[in-house]
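Next come the chains, spelled out residue by residue.
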Amino acid sequence: MKLNEKDAIWVTSWASYNSGCSKGGWFNLDKLADLTNEEIFDEFRKMGLDPDGFDEELVVHDYDNYTGLPYYELFGEPHPITVVDFYRRLREASSNTEDATLIFMGIYETQSAEEALQTLQDEELDSWYVLDEDGFTEYVEESLISYDTDRSRIRFYIDEDKIREYYEDGFDDEEDMSEEVIEDLVEYFIEDCPIEELIDSYIDIEHYKSNILMGGSIAEFTVDKEDYYITKY
């Protein structure tokens, strides 16, 4: 998710709106973000607005939203400078942090609008990071590997029934397949099997993922029908 240079706002004034005038128009946010406030007002004047007089209560009445940001949910019908300042901050953050817009959306979706805006204002979007589905799976597998020397911490997620089936299928003589023997083999397998093989074939990764999400250190959100996961460094 990248900040789109085509995002725009429809600017008029409450006085013009209430009097039925059609003064105002579309303004590209990326272009406005390059200007000072007075230069922005000059652009409004070119559209027939009078920011120093009749149209002093400027207002945004529509958004041309190519990025997919929740402009209206964040601001409603604000003064246009409010939106320009927001766009400018997010553009600057994006120049320093590749996933800044996606991170902003992640905080907005999983925390609150207030938290997202405050994080942007404090220039702390880079204290968060976002993972896609493959990245989250890799994160989870690395977490499991870190427990290689203490497998009791991941015992709950190991499919012991599948390990039993592995040994039971290897017995030709059913008399040798006592429950005690099987249990000993299962314990031996859990302790000595390479952790990568456990992860690939005998650990319920999805269950482990769901418990990580329930723990609250990582939160899931969706943008453009794609699932992402956000956490702090």
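No experiment lies behind these values; they were computed from the predicted model shown.

**Details of helix 3 (residues 37–46)**
And then number 1: Buried within helix 3 we find Ile-40, Phe-41 and Phe-44. Down the axis of helix 3, the smallest arc covering the buried residues is 100°, so these residues share one side.
And then number 2: Packed against the buried residues of helix 3 are strand 1 (8–13), strand 2 (25–28), helix 2 (29–32), strand 3 (58–64) and helix 5 (80–96).
And then number 3: Trailing helix 3 by a residue or two, Gly-48 shows a phi angle of about 95°, which is positive.

**Side note on helix 10 (residues 179–192)**
And then number 1: Relative to the 20 Å expected for 14 residues at 1.5 Å per residue, helix 10 spans 20 Å between its end C-alpha atoms, a close match to the ideal helical length.
And then number 2: Within helix 10, burial applies to Ile-182, Val-186, Phe-189 and Ile-190. Angular distribution of buried residues about the axis of helix 10 spans 95°; they occupy a single face of the element. What points out from helix 10, more than 90 degrees from its buried face, is the exposed set Glu-180, Asp-184 and Tyr-188.
And then number 3: Its buried side turned inward, helix 10 meets helix 9 (160–168) and helix 11 (195–202).

Cut-offs applied
- Residues numbered from 1 in each chain as written.
- Predicted model: local features only at pLDDT ≥ 70, side-chain atom pairs only at ≥ 80, totals over all residues.
- Heavy atoms only, no water.
- Buried < 20%, exposed > 50% of the residue type's maximum accessible area, 1.4 Å probe, protein only.
- Helix = DSSP H or I, 4+ residues; strand = E, 2+ residues; numbered from the N terminus.
- Arc of directions from axis to C-beta.
- Contact = heavy atoms within 4.5 Å.
- Expected span 1.5 Å × (residues − 1).

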